[in-house]
Structures are given as C-alpha cells and as structure tokens.
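# Structural features, examined
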Amino acid sequence: MPLIERMAKIETQGLSKTYRSGGETTVALNDLTISVREGEFLTIVGPSGCGKSTLLYIIAGFLKPSAGRVLVDGRPVEAPGTDRGIVFQEYALFPWRTVLDNILFGLEYQALSRPERLARARQYIEFMGLEGFEHRYPKELSGGMKQRVALARTLCYNPDVLLLDEPFGALDAQTREIMQDELLRVWRETKKTVLMVTHSVSEAVYLSDRVIVMTSRPGTRKAEFAVGLDRAGSREQIILTPAFAELQSRIWMQVREEVLRSRT
Amino acid sequence: MARTLQGSVPVLIVAGLWELTSRLALIDPEHLPPVSAILRAWADLVFSGHILPHLAATLYRALAGLLLAIVFGVALGVWMARSRPVERFVDPLITLTYPLPKVAIIPLTMLWFGIGHLAKILVVFIGCMMPVIIHTFHGARGADHLLIWSAQAMGAGERAILRKVILPAALPAVLSGIRIALAFSFVIVIGAELVASRAGLGEAKTGSMTTCSPRSWLS
C-alpha cells in the first residue's frame, strides 16, 4: 500500500446518501471522496443544504451511507465510537446535568476510577477556562460558554478525531472570533485531526490547513485549496495579509457560484 | 394561601345555590338534600368509623393499580418510542381502547377474579396505564436526537441511553401522565365498586342507594 494512503486518518470512498420520504427522493451526497491526514485541520464549506453535515454524521457513525464507505485509521466505520468526538452547533448539552456532570458523561464509559474521572474533568474545565462554572446548568450559560463545555466534554475522553458541525454558527461575531482562537489553541496543543464544516469562508481560511468547497445538492467535491498561511503572527496580522484576502476571495467565488445555483 | 381562598369561591357559590335549591324545595329535599345535611351525614360516617374500612379498601385498590400502571406504562411507552415495530403494534390498540369506559370491562374481570381486590386492581391498572403510556411515549419520542447522538459518540450503549438520556428527557411528560392517571385511578375504582363489591367507597354508595339514603350517597 502506498505510504500516502496509509497516512490518511479519515477517508471517504464514493460516499452517497439518499433520503426517501413519501414518494420523494433527495440525494444529499453524491459520490464524495475525501481524505483527511493525521493531525490535519480540514474544513468543508458549501451552501446550506449541500449535505456537509450529513457527511459528518456518516463519519461519526450516526447515519449509514446509501453507497460507499468511511475508513478511520483504515478500518470501516460501522457505528459511533469514542475515537471520533463531535461538537454540534446546538451544543447538545444535557440540560438536566451541570457543567461538571456534562463533562463527566463522556468519562463514564472509560476505564477510569472515580477520582481519576474527576481529576480529568477538572483538567479540561481549566483547559477550556470554565473554572467557577462547574455547578451551573447549561441554560445559565452564554452560547460561547456552552460551546466551551461541549468542547471540554468531547476533548476529555481524548478522541483522535474532532468532527465539528458548524461549531460557532450560533454565536455572535465577537464570541465567534474568540472561540476560533480557542479552537486553534486546542488544535495546536492536542494535535488532533479536525474535520469541520462551516459556511463561513473566512473562518475556514483562518483555521484550516486545507479547504474543500462542496457543490449545492447533491453535494460533491467542487474545488480544493491548500491554505499554507504563515500563522506566526496574531489574528490581525494573519487576516490582513494579501495572501489571506486573495485566498478568501478565490474560495468565496467558488462558494458563491453554488449558492446562486442552489437558489435558481 | 390567597390562591386557595380564590379557588374556594366558586365552590362556595355552587354550594350556596345547592343549599338554596334544596331549602326552598325547588327540588324535593328527599331527592336533593341540602349541602349542610350532606356534610353532617359525612361527618357521622367518618366519626362513626363505618366508612374507614371502605376508604382503606378503595385507596389500596386505586394505588396498587396506579403503581403497576406506572411501572408497566413507563416501560412500554419508552419501548414504543425506541422501536418502530413495537409502536406500530401497540399504537392502534391504544387508540382503539383509550376512549372506552374502563368500567365496561368490570364484568369480565369479575368473571375471572371474582369481586375482590384483584378484579378492581386490574381494571385500574388497565385504565391508568393508557395515559402513562401515551405521555411517556411522546416525552421519550421528543428527546432531542442530538443528545442521543452525543451520548452514542461518548460510548453510551442502548441501556445507558435509555437511563441517562431518554428517561430524564421524558420525565416532565411522564409526570403529567401520572397526574392524569392518579385522577383516573379513583374514578375507575369507585366505578368498579359501584358495579360489584363487598367493600369500598363505591360499594358503600350502592348500599346507601338501596337503602334510599341520598344523604350518605352524596357524601
């Protein structure tokens, strides 16, 4: 087997997904093949309804593809597993559990003693800046704090892969920027493989190593861009470089075509 | 406190009208005794101790039936919500039998179990299980699928998902189902005792009917 293929952390092969409801068939995904390298941050952008969330749900094991398959570490995905963590736009926190108990949920299925679980939960509470909020309930938190809890809950059982489904889509613009920088820090410190979907082009360029643009429904690969920005500086230094602006507009042209096509 | 007072106003008005109707003999007081006379008869029944064994029998039947209904109703409701085939099997049965008056099956349960406790508990059980099943089913079906997916992604199996996600999510609905079932349990048990019994409030009612005493019947 060639070296390059063995290095793929996630691979989808000819993935298609068709929904049937009543007499109507909707093709959400059509013959999508992508691969994500170990430790890579790959973002998929595309118009609403292009099937990018469906792709994440299939990789996570929540949905079965109609055709094709998903390999993680070379093994086909059959069901959800703790090697793949997922964070949703809607946070999906258990409303009847406190912040601490939400984070502990993911540790209840790990072979850990109770003190070990508590120590691990506290470690990620600190990592995500949630000290002082351990005993609050999700409804008492702002959107940004909820997303920090969701990230802590997923990170603490240490999945190899992070699947992020529009993670900042419900946040206001300022919180969104802060959370993007938090995510960059998490990614650098944990070295996880990240697959994110978003419809924000600037978010995709700012965060990713590589960006794939999907077509409108039925979703398939339209274009691919290697980002390769110099990330040494601050956020402002990065987004104000000509390279950033140029890449952002090239990707946006591709996305725009699809958005217009899906409206007509 | 203010709420209790507010709530008692309509009761007092109706009771006052009733008292007047009877006192002014708009309806023959022998057929509709005044409220005051009923309250006196009620006090007599309670303080003489005659009513207590009947009350105990009724409470026992109602609560035993209710408890069984909660246990089986919650289990069946959750099972229906998690399994399409179970839902397809149970749903038409409930739709068909829910509106039937449960008292109608008393002759049957009497035939099987006689006129003692068991026949009544069974009727209460069947009648109370319906609202518990329906409410639990809707509560469990309404559990956010993202919460279920999150739990699956974190490694929870089907049993853990039932216990830690579906049941807590369905709890408010389950409680409202139980509240309805609680009211049902007394309606049904007294209905059942009216039909046939040796003890219980309903039987005590029938007894007072046969001895032509609307005072103690209404009380």
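Throughout what follows, the structure given in this document is the object of discussion. Note that the coordinates shown come from a computational prediction; the quantities given were computed from them, not determined experimentally.

## Focus on the overall build of chain A
Looking only at helices and strands, chain A has nine helices and 10 strands in total. In terms of overall dimensions, chain A is globule-like: its C-alpha atoms have a radius of gyration of 19 Å, near the 18 Å expected for 264 residues. With the C-alpha coordinates of chain A rotated into their principal frame, the extents come out at 50 × 45 × 45 Å. For chain A, the proportion of its 264 residues judged to be buried stands at 51%.

## Looking at the overall build of chain B
A count of helices and strands for chain B gives 10 helices and zero strands. Reading chain B from its N terminus to its C terminus gives the helix and strand order α-α-α-α-α-α-α-α-α-α. Residues counted as buried form 36% of the 219 residues belonging to chain B. Residue pairs in contact within chain B that sit at least 24 positions apart in sequence constitute 73% of those at least 6 positions apart.

## Quick word on empty space enclosed by the protein
With the rule as written, the count across this model stands at one cavity of 30 Å³ or more. Looking at the largest cavity, its volume works out to about 40 Å³. Considering the residues around the largest cavity, the lining is formed by A:I86, A:R153, A:T154, A:Y157, B:S150, B:A153 and B:M154. Looking at the lining of the largest cavity, the elements with two or more residues in it are α5 (143–155) of chain A together with α7 (145–153) of chain B.

## Overview of the pattern of salt bridges
When charged atoms on two side chains of opposite charge get close, those side chains can pair. All names here are of chain A. Taken as a whole, this structure holds 25 salt bridges over all chains when the rule is applied. Among the ionic pairs, E182 bridges to R185, the shortest N-O distance being 3.1 Å. On the criterion of helical spacing, the pair formed by E182 and R185 is a turn pair, its members being three residues apart in helix α6 (residues 173–190). What you see here is one network of salt bridges that share partners, running through R37, E40, R210, R221 and E224.

## Re a nonpolar patch on the surface
The grouping of B:V9, B:I13, B:L17, B:L20, B:L24, B:L26 and B:I27 at the surface amounts to a nonpolar patch, some 690 Å² of accessible area in total. Here B:I13 lies in helix α1 (residues 2–23).

## Topic: the interface of chain A and chain B
Residue-level contacts link 22 residues of chain A with 15 residues of chain B. The largest per-residue losses of area from chain A upon contact with chain B belong to A:F62, A:W96 and A:Y109, which jointly make up 35% of the total buried on that side. Run the count over chain A and chain B and you get one salt bridge. The salt bridge involving A:E108 is made with B:K164; its shortest N-O contact spans 2.5 Å. The interface formed by chain A and chain B includes three residue pairs in polar contact (both at pLDDT 80 or more).

## Thoughts on the pairing of strand β8 (residues 193–198) of chain A
Each regular strand shows side chains that alternate between the opposite faces of the sheet. All names here are of chain A. When you tally the buried positions in β8, you get six out of six residues, the bulk of the element. Neither face of β8 is left uncovered, since the one carrying T193, L195 and V197 and the one carrying V194, M196 and T198 both have all their residues buried. The pairing of strand β7 (residues 161–165) with β8 spans five bridges and is classified as parallel. Across the sheet, the residue bridging to L162 is V194, located in β8. A crossover connection joins β7 to the parallel β8 through α6; in handedness this β-α-β unit is right-handed.

## Section: the packing of helix α4 (residues 84–97) of chain B against helix α6 (residues 117–141) of chain B
All names here are of chain B. As a packed pair, α4 and α6 sit with axes 11 Å apart at the nearest point and diverge in direction by 140°. In terms of orientation, α4 and α6 fall into the oblique class. Classified by chirality, the crossing of α6 by α4 is left-handed. On α6, the residues that touch R84, E87, I94 and T97 of α4 are M130, I133, I134, F137 and R141. For the contact of α4 with α6, the per-class residue count stands at five nonpolar, one polar and three charged.

## Concerning the sheet that holds strand β2 (residues 24–37) of chain A
Residue and element names in this part refer to chain A. The strand order across the open sheet built from four strands is β2-β1-β4-β5, with neighbouring strands paired in antiparallel fashion. Unpaired on one side and paired on the other, β2 and β5 (75–76) mark the two borders of the sheet. Of the strand pairs in this sheet, strand β1 (residues 8–21) and strand β4 (residues 67–72) are connected by five bridges, and their pairing is antiparallel. Looking at the pairing, S16 lines up with A67 of β4. Along the sheet face, helix α2 (residues 52–60) touches β1, β2 and β4 and points at about 115° away from the line of β1.

## Considerations on the pairing of strand β6 (residues 84–88) of chain A
All names here are of chain A. Among the five residues in β6, five count as buried, and that is most of the element. Across the two faces of β6 the burial is the same, with R84, I86 and F88 and G85 and V87 all buried. Across five bridges, β6 lies against β7 in parallel orientation. Bridge pairing links G85 to L162 in β7.

The rules we used
- Residues numbered from 1 in each chain as written.
- Chains lettered and ligands numbered in written order.
- Predicted model: local features only at pLDDT ≥ 70, side-chain atom pairs only at ≥ 80, totals over all residues.
- Heavy atoms only, no water.
- Helix = DSSP H or I, 4+ residues; strand = E, 2+ residues; numbered from the N terminus.
- Rg over C-alpha atoms; globule rule 2.2 N^0.38 Å.
- Buried < 20%, exposed > 50% of the residue type's maximum accessible area, 1.4 Å probe, protein only.
- Contact = heavy atoms within 4.5 Å.
- 1 Å grid on protein atoms, 1.4 Å probe; cavity = no way out; pocket = protein on both sides within 12 Å on 5 of 7 lines; lining within 4 Å.
- Points joined across faces, edges and corners; volume = space filled by probe spheres on them.
- Salt bridge = Lys/Arg side-chain N within 4 Å of Asp/Glu carboxyl O.
- Patch = residues over 30% accessible without salt bridge, like charges linked within 9 Å, V, L, I, M, F, W, Y side chains within 5 Å.
- Areas by Shrake-Rupley, 256 points an atom, 1.4 Å probe, with all protein chains shown as cover.
- Buried area = accessible area lost by both parts, 1.4 Å probe.
- Polar contact = N/O pair within 3.5 Å; in protein donor to acceptor, adjacent residues only side chain to side chain.
- Pairing = 2+ DSSP bridges.
- Right-handed = clockwise from strand over helix to strand, strands pointing away.
- Axes fitted to C-alpha atoms, helices over the stretch in contact; angles between N-to-C directions.
- Parallel < 35°, antiparallel > 145°, perpendicular 65-115°, else oblique.
- Left-handed = near helix turned anticlockwise from the far one by under 90°.
- Nonpolar A, V, L, I, M, F, W, Y, C, P; charged D, E, K, R; others polar.

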